[in-house]
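# Architecture and fold: a report
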Amino acid sequence: MKTRHLIIATLLFLASCKPEKKVYLFTSFREPATDGLYFLSSTDGKHWTDLGGGWLKPAIGEKKLMRDPSMAQGPDGVWHLVWTSGWNGDKGFGYASSKDLVHWSEQQFIPVMQSEPDAFNVWAPEIFYQKDSAQFIIVWATTIPFRFPKGQEDEKNNHRLYCTTTRDFKTFSPTRLYYDPGYSVIDAMVLQRGPQDFVLVFKDNTRQQRNIKVAFGTSAAGPWHDDSPAFTPEFTEGPSVARVGREYYIYFDGYRAKKYGAVKTTDFKTFTDASDEVSVPIGHKHGTVVMTDKRTLKRLQHEDKP
């Protein structure tokens, strides 16, 4: 009898220790980008429900906008959000943090391009936590006219990717060039597949392309190599990735067609159109897909916005 009770107690203990099933969150915004942070949720990474907006209304930057919200969670459980705060003129991006995704810290403007007097903009900052170095890396696109060969683009649209790193969001490493594939590039996001196995997903912003590609590296810090052919139609941008089982769904914003689409892949070499497999609320504009727990989702579903 004692043995039976011990077995039952052990099974109950193991059941209580079972990891809580994760859910997907998709950060989002809506045009004209003045309402602030929106969220979508999904239990399968393919079908998304709108959780509404106004979770964090933009209060910094020249235009007080929030575009391209990107979010990552640190090992202490705190969420960190960065965003594009203006179309042109701003030499930095917006930043805030939260423990529960409902109540947010005071917003800050992070002036990452202040040392470049000719920097025209700071677009689509993307945040990624580097476990190996215990720091966050933030990547964005900036145009510095006449800095690079002109190619297909006007000098105010000839972007390259830059980055900085931080551990505490108080001090930041000096801004450096992150990726120069030899053409205009924006909307980058970093994905880790395994040890020393990283993928950079980005938009080729040249006139003959304006679509999504990938490159590969052994570190989130780069360097990146072997940029791929495009695997989405023209006039697509804002790639976001959700891992669903063995497959990766790469979402993209079809801004001319005004339709969200997706492709899926297991190896980032062969891509299959998956647009008919996914559903995204009308009006959703691109952000970042992250994983959270059902408790957090329930809080976003039922708590009033600040």
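Quick summary incoming for the structure in this document.

The rules we used
Residues numbered from 1 in each chain as written. Predicted model: local features only at pLDDT ≥ 70, side-chain atom pairs only at ≥ 80, totals over all residues. Heavy atoms only, no water. 1 Å grid on protein atoms, 1.4 Å probe; cavity = no way out; pocket = protein on both sides within 12 Å on 5 of 7 lines; lining within 4 Å. Points joined across faces, edges and corners; volume = space filled by probe spheres on them. Helix = DSSP H or I, 4+ residues; strand = E, 2+ residues; numbered from the N terminus. Nonpolar A, V, L, I, M, F, W, Y, C, P; charged D, E, K, R; others polar. Pairing = 2+ DSSP bridges. Axes fitted to C-alpha atoms, helices over the stretch in contact; angles between N-to-C directions. Buried < 20%, exposed > 50% of the residue type's maximum accessible area, 1.4 Å probe, protein only. Lys, Arg positive; Asp, Glu negative; His and termini not counted. Salt bridge = Lys/Arg side-chain N within 4 Å of Asp/Glu carboxyl O. Contact = heavy atoms within 4.5 Å.

The next point concerns the layout of surface pockets. If a probe the size of a water molecule is rolled over the atoms, the empty space left behind becomes visible. What the largest pocket holds in volume is close to 790 Å³. Lining the largest pocket are 22 residues, and of these Phe128, Leu191, Val289, Val290 and Met291 sit closest to its centre. Listing elements by their share of the lining of the largest pocket, those giving two or more residues are strand E4 (67–73), strand E8 (123–130), strand E12 (185–194), strand E15 (236–244) and strand E19 (289–293). Residues belonging to the lining of the largest pocket are distributed by class as follows: 16 nonpolar, three polar and three charged.

Judged by pairing direction, the sheet is antiparallel, and its four strands sit side by side in the order E8-E9-E10-E11 without closing on themselves. Both edges of this open sheet fall to E8 and strand E11 (176–179), since each of them pairs with a single strand only. Mean inter-strand twist for the sheet, computed between neighbouring axes without regard to direction, equals 35 degrees.

You can see aspartate 187 is positioned in strand E12. Buried charge aspartate 187 goes without a salt bridge, the closest partner of opposite sign being lysine 203 at 5.6 Å. The residues touching aspartate 187, leaving out its near neighbours within four places in the chain, are Ala124, Val201, Phe202, Lys203, Glu237, Gly238, Pro239 and His286.

Further remarks concern the environment of alanine 262. Checked against the element boundaries, alanine 262 lands in strand E17 (residues 259–265). Separated by 197 residues in the primary sequence, alanine 262 and leucine 65 place their C-alpha atoms 26 Å from one another. Contact partners of alanine 262, with chain neighbours within four places excluded, come to Ile250, Tyr251, Phe252, Thr272, Asp273, Ala274, Ser275 and Val278.

In this structure the tally under the stated criterion is one cavity of 30 Å³ or more. As for the largest cavity, its lining consists of 13 residues, of which Asp68, Ala124, Glu126, His286 and Gly287 are closest to the centre. Contributing elements (two or more residues each) for the lining of the largest cavity: E4, E8, E12 and E15. In terms of residue class, the lining of the largest cavity is built from five nonpolar, five polar and three charged.

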